[in-house]
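For reference, the chains in residue letters:
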Protein chains: 2
Amino acid sequence: MADVPNGEQGCGSPLELFKNIAAQGELVRALKARNAAKNEIDSAVEMLLSLKMSYKAATGEDYKADYPPRDPAPGSDGGLDATEAGEDFVDPWTVQTSSAKGIDYDKLIVRFGSSKIDKELINRIERATGQRPHRFLRRGIFFSHRDMHQILDAYENKKPFYLYTGRGPSSEAMHVGHLIPFIFTKWLQDVFNVPLVIQMTDDEKYLWKDLTLDQAYGYAVENAKDIIACGFDIKKTFIFSDLDYMGMSPGFYKNVVKIQKHVTFNQVKGIFGFTDSDCIGKISFPAIQAAPSFSNSFPQIFQDRTDVQCLIPCAIDQDPYFRMTRDVAPRIGYPKPALLHSTFFPALQGAQTKMSASDPNSSIFLTDTAKQIKTKVNKHAFSGGRDTTEEHRQFGGNCDVDVSFMYLTFFLEDDDRLEQIRKDYTSGAMLTGELKKELIEVLQPLIAEHQARRKEVTDEIVKEFMTPRKLSYDFE
Amino acid sequence: MADVPNGEQGCGSPLELFKNIAAQGELVRALKARNAAKNEIDSAVEMLLSLKMSYKAATGEDYKADYPPRDPAPGSDGGLDATEAGEDFVDPWTVQTSSAKGIDYDKLIVRFGSSKIDKELINRIERATGQRPHRFLRRGIFFSHRDMHQILDAYENKKPFYLYTGRGPSSEAMHVGHLIPFIFTKWLQDVFNVPLVIQMTDDEKYLWKDLTLDQAYGYAVENAKDIIACGFDIKKTFIFSDLDYMGMSPGFYKNVVKIQKHVTFNQVKGIFGFTDSDCIGKISFPAIQAAPSFSNSFPQIFQDRTDVQCLIPCAIDQDPYFRMTRDVAPRIGYPKPALLHSTFFPALQGAQTKMSASDPNSSIFLTDTAKQIKTKVNKHAFSGGRDTTEEHRQFGGNCDVDVSFMYLTFFLEDDDRLEQIRKDYTSGAMLTGELKKELIEVLQPLIAEHQARRKEVTDEIVKEFMTPRKLSYDFE
């Protein structure tokens, strides 16, 4: 999976989107004309609507057949236009917003055509599992979904499902933000008691970055240690490097080719903004991220069963891959994967800036010492406080843009304490230094405990996690 | 590998070629600017020249920077234009000529930038191996090569090389023409005593045809039986289905990704004529046909050696894949594969028509009975004879367009007898019925013996040929 965000790649131009909408419209008409299956038509319509929304976001106008968009300014592209016009832009390589509060996630739900994780869904998860919902659910950090009700139907009817998430291992350095999907996935594994596959897209990182195959694979193994340190159950979890697993699995490549047969260059252009100058590895890669959504990619776990539905917890920027996957699934006879989408983890410098593995001050890394954590938070965490203590006491701070407060919403478990901090900081009763101290005291033990658990992860343990094998589960 | 010919896919338009030449020119300049390695620059220049030749063939004009080609007539493309203008067109999916003599192979050598297999090279092969050159060499059926002298240098210096050929299993039905590369490859294996890998591109056939994965794989196994019946040495030959081997080899996918990183969509558009409406599987497939050109795709045979050069005997229409491969090789640190190119095997109806697996009368199939062979040759083989016996006796027949005579050049071993037939038919001393009888008497035992050998090929033997394993060879 791609890092969030790194801005290597723009989206398709309005003209490209226009052409893709026209092509997708033709596909829908063709499917209807030959009385295709309902879910096939629905998928194509879903994709069409999503393209039209992207078009509106990029041009500010509704799509009108036969009226191509006006020429954009030279050198700009749709993604940048959108941002300049005050719209956020999100794809697997670029997350752009001009707001210090970060991306407008409600708008993103509309644009992507997903569903909001509302109170009713959270209550249903609580009823089904008998467990208090994870703080990421309670606080809207996992905020959007596709077909989660289907997964709960399956669970309540004792039908099997499995979890799939992943990571793009672009360097050895992982920061706390990278742990968000894994922390949540571990919780899901615990409360639903289901198998989990974790894809390390070392092939993707080799294709996109200036890395050798060995480097990319090395990062995959190093990152796997940090992932294992999140506490996954070795009996229920399979972690795999694409570079490795492709050559070890009788099922994986077959699904990759199936998907590749059902996705055109026009489609990946529209979805991912690829151009004619991109290498053919990038162009075909989306099929490799899609394939683990189908259970027979893992015959060692599911034998040749194709009907075990997949639930994918991931950051919302990965959704384009899985929109594509959901579009393809019914056409190759597989169930569509369900999704749970998280918000982005903000950089220390603020929600509108980019985190960067090459800038150690842009986030808290999993290798940071207690002292480094303290210094980074105190020196670099963007503050919503006032310029002087007097002003702060009088007018209060702004939690909506304060990065320390945002980090606390991710990592402080106690809801009451978080709410008290919010009130006190907003009223001015709590000063910025005090707020930062709260965060430091949460992060220091969290990172220290992670480091201690990571130290326990031997090469043998990594090897076992990464060996294709049966996993234990209770499906019938 | 693609069947020859089936005409599913046109070539790039003149405008696309124009753009690709411009892009390739930029690449050459960039390589020179950064003082790239000589072989890297040479490869890029070779590709540039080849594109320029394709451009001239398509437009009838030399490429001139900044002067894009004039618009072609609507609905036509470069390939068709070329043929209409009397030029042949050859790519992996289309072979077109308007001449009853077939493709002009001398022109093709110039256009593709390969080298003619001349008397000197044939003599050198004879000296090096101590064997009489195969009739396919003596008669110009293998007529073109790339770097064959390098292979002979290696052989004479006791350095290792290996053979690679393949087949696209699009149906169970194989005809005698499909055997040409295998008959010649077996001879090469015998005289050079080297290992051989044979790729069955069932993934390609799945992507291009209306087939399921299981059907494509089934055809691969059935076709493998016919290939094994050619007499390959089981100790020195590995036959693999892509769908199978990709999931069994630690080295194959890694090379595929390496190649995919170094080839852009622009390049495959220029070489193979892909369009934006093609599926991403087709677009990335050329890397899968390229990968077996590198020895570390077969760690079970060559361990992690990357320096064992590859020699590829194939029909000339497959050359675009290997031009691409040779362009990529130095950039990923591997030796370029050498090539031996064969002419096309003509359809019974004449060298300018298409053979088709769906038309049983277009060729002699490996399953034909003696009676079917006799009937087909007598009824369908295009004749270079005269309309009446009197005319024939007086003016003689035309061996250049006579399909029975062409087939004899492929299958009659005795040079003197062939020359006698040529003389007698040309003079009119031999009538068409007599010529056809000669061919029938060559084909009937050839096919019967093939069928007998194929019957001996058990499922166990196929399984052994298709199991990744060590091969015996004498390299140091």
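Thresholds applied
Residues numbered from 1 in each chain as written. Chains lettered and ligands numbered in written order. Predicted model: local features only at pLDDT ≥ 70, side-chain atom pairs only at ≥ 80, totals over all residues. Heavy atoms only, no water. Pairing = 2+ DSSP bridges. Helix = DSSP H or I, 4+ residues; strand = E, 2+ residues; numbered from the N terminus. Contact = heavy atoms within 4.5 Å. Axes fitted to C-alpha atoms, helices over the stretch in contact; angles between N-to-C directions. Parallel < 35°, antiparallel > 145°, perpendicular 65-115°, else oblique. Nonpolar A, V, L, I, M, F, W, Y, C, P; charged D, E, K, R; others polar. Least-squares fit on C-alpha atoms with pLDDT ≥ 70 in both. Core = buried A, V, L, I, M, F, W, Y, C linked by side-chain atoms within 4.5 Å. Buried < 20%, exposed > 50% of the residue type's maximum accessible area, 1.4 Å probe, protein only. Phe/Tyr/Trp six-rings, centres within 6.5 Å; stacked < 30°, edge-to-face > 60°. Domains from an automatic or database assignment. Buried area = accessible area lost by both parts, 1.4 Å probe. Salt bridge = Lys/Arg side-chain N within 4 Å of Asp/Glu carboxyl O. Polar contact = N/O pair within 3.5 Å; in protein donor to acceptor, adjacent residues only side chain to side chain. Disulfide = S-S within 2.5 Å.

Caption draft 1: Layout of the sheet that holds strand S3 (residues 115–116) of chain B. Residues and elements named next belong to chain B. One open sheet holds the seven strands; their spatial order is S3-S4-S9-S8-S5-S6-S7, and the pairing between them is mixed. The sheet terminates laterally at S3 and strand S7 (237–241), the two strands that pair on one side only. Contacts between helix H4 (residues 105–112) and the sheet are confined to S3 and strand S4 (142–146), with S4 contributing the most and set at about 10° to the helix. Packing of helix H8 (residues 176–192) onto the sheet brings it into contact with S4, strand S5 (161–167), strand S6 (196–200), S7, strand S8 (309–315) and strand S9 (338–342), and relative to S5 it is tilted by some 165°.

Caption draft 2: Here's a closer look at the packing of helix H14 (residues 280–290) of chain A against helix H16 (residues 319–328) of chain A. All names here are of chain A. Taken N-terminus to C-terminus, the directions of H14 and H16 make an angle of 80°; their axes are 9 Å apart at the nearest point. Considering the angle they form, H14 stands roughly perpendicular to H16. For the pair H14 and H16, the contacting residues are Phe285, Pro286, Ala287, Gln289 and Ala290 in the first and Tyr321, Phe322, Met324 and Thr325 in the second. Looking at side-chain class alone, the contact of H14 with H16 contains seven nonpolar, two polar and no charged residues.

Caption draft 3: Main features of the relation of the copies chain B and chain A. Rotating chain B by 180° about the axis while translating it 0.0 Å along that axis superimposes it on chain A, leaving an RMSD of 0.0 Å. The superposition operator between the copies reduces to a two-fold rotation axis. The position closest to the rotation axis in chain B is occupied by the C-alpha of Gly247(B), lying 2.1 Å away. Mapped onto chain A, 100% of the interface residues of chain B are again interface residues, and the two copies thus contact each other with one and the same surface.

Caption draft 4: Structural context of the nonpolar core. Ranked by internal contacts, the top residues of the largest apolar core, which has 130 residues, are Ile259(A), Val268(A), Ile259(B), Val268(B) and Phe298(B). Excluding its chain neighbours within four sequence positions, the residues that come into contact with Ile259(A) are Ala287(A), Ala290(A), Ala291(A), Phe294(A), Met324(A), Val328(A) and Ile332(A).

Caption draft 5: Layout of the packing of aromatic side chains. Residues and elements named next belong to chain A. Taken as a whole and judged by the stated rule, the model has 75 aromatic pairs over all chains. Aromatic side chains tryptophan 93 and tyrosine 321 sit 6.1 Å apart centroid to centroid with 70° between the ring planes, which places their arrangement in the edge-to-face category. Placement of the pair is tryptophan 93 in the loop between strand S1 (89–91) and strand S2 (94–96) and tyrosine 321 in helix H16, with a sequence separation of 228 residues. Grouping residues by exposure puts tryptophan 93 and tyrosine 321 together as buried. Measuring from centroid to centroid gives 5.8 Å for phenylalanine 345 and phenylalanine 411, while their planes differ by 65°, and the two rings are edge-to-face. Of the two residues, phenylalanine 345 sits in the loop between strand S9 (338–342) and helix H17 (370–380) while phenylalanine 411 sits in helix H19 (residues 403–411), which places them 66 residues apart along the sequence.

Caption draft 6: Layout of the domain arrangement of chain A. All names here are of chain A. Domain boundaries in chain A define domain 1 (14–59), domain 2 (90–348) and domain 3 (370–456). Taking only C-alpha atoms, the centre of domain 2 and the centre of domain 3 are 30 Å apart. Taken together, the contacts link 22 residues of domain 2 with 23 residues of domain 3. With both sides pooled, the region where domain 2 packs onto domain 3 buries about 2,100 Å², and carbon together with sulfur makes up 59% of that total. Area buried by domain 2 at its contact with domain 3 is led by Arg139, Ala229 and Leu348, which between them contribute 33% of it.

Caption draft 7: Examining the interface of chain B and chain A more closely. Listed as interface residues are 38 residues of chain B and, on the opposing side, 38 residues of chain A. Summed over both sides, the interface of chain B with chain A buries roughly 3,100 Å², with 63% coming from carbon and sulfur. For chain B, the biggest contributors to the area lost against chain A are Tyr253(B), Lys261(B) and Ile280(B); these three give 24% of the whole. Remark: the boundary between chain B and chain A carries two salt bridges. Asp276(B) is the partner of Lys269(A) in a salt bridge, and the nearest nitrogen-oxygen pair spans 2.5 Å. Taken together, the connections running from chain B to chain A amount to 22 residue pairs in polar contact (both at pLDDT 80 or more). Those elements that place two or more of their residues in the side of chain B that touches chain A are helix H9 (202–208), helix H11 (242–245), helix H12 (252–261), helix H13 (265–272) and helix H14 (280–290) of chain B. Of the residues belonging to the side of chain B that touches chain A, the class tally is 18 nonpolar, nine polar and 11 charged.

Caption draft 8: A look at unusual backbone geometry. One non-glycine residue, Asn193(A), lies in the positive phi region at around 55°. Along the chain, Asn193(A) turns up in the loop between helix H8 (176–192) and strand S6 (196–200). Despite not being glycine, Asp147(B) shows a phi value in the positive range, around 60°.

Caption draft 9: Region of the structure containing the pattern of salt bridges. Residue and element names in this part refer to chain B. Taken as a whole, this structure holds 53 salt bridges over all chains when the rule is applied. A salt bridge links aspartate 233 to lysine 236; its shortest N-O distance comes to 3.0 Å. Relative accessible area serves as the criterion here: at 24%, aspartate 233 is assigned to the partly exposed category. The buried category is assigned to lysine 236, whose relative accessible area is 15%. We note a salt bridge from arginine 422 to glutamate 419, for which the minimum N-O separation is 2.9 Å. With arginine 422 and glutamate 419 both in helix H20 (residues 415–427), this residue pair falls three residues apart, about one helical turn. Overall, the relative accessible area of 32% leaves arginine 422 in the partly exposed class.

Caption draft 10: Just the state of the cysteines, in detail. Using the criterion set out here, one finds zero disulfides over all chains in the structure. For the unlinked cysteine Cys279(A), the closest cysteine sulfur is that of Cys279(B), found at 17 Å. Since its relative accessible area comes to 7%, Cys279(A) is described here as buried.

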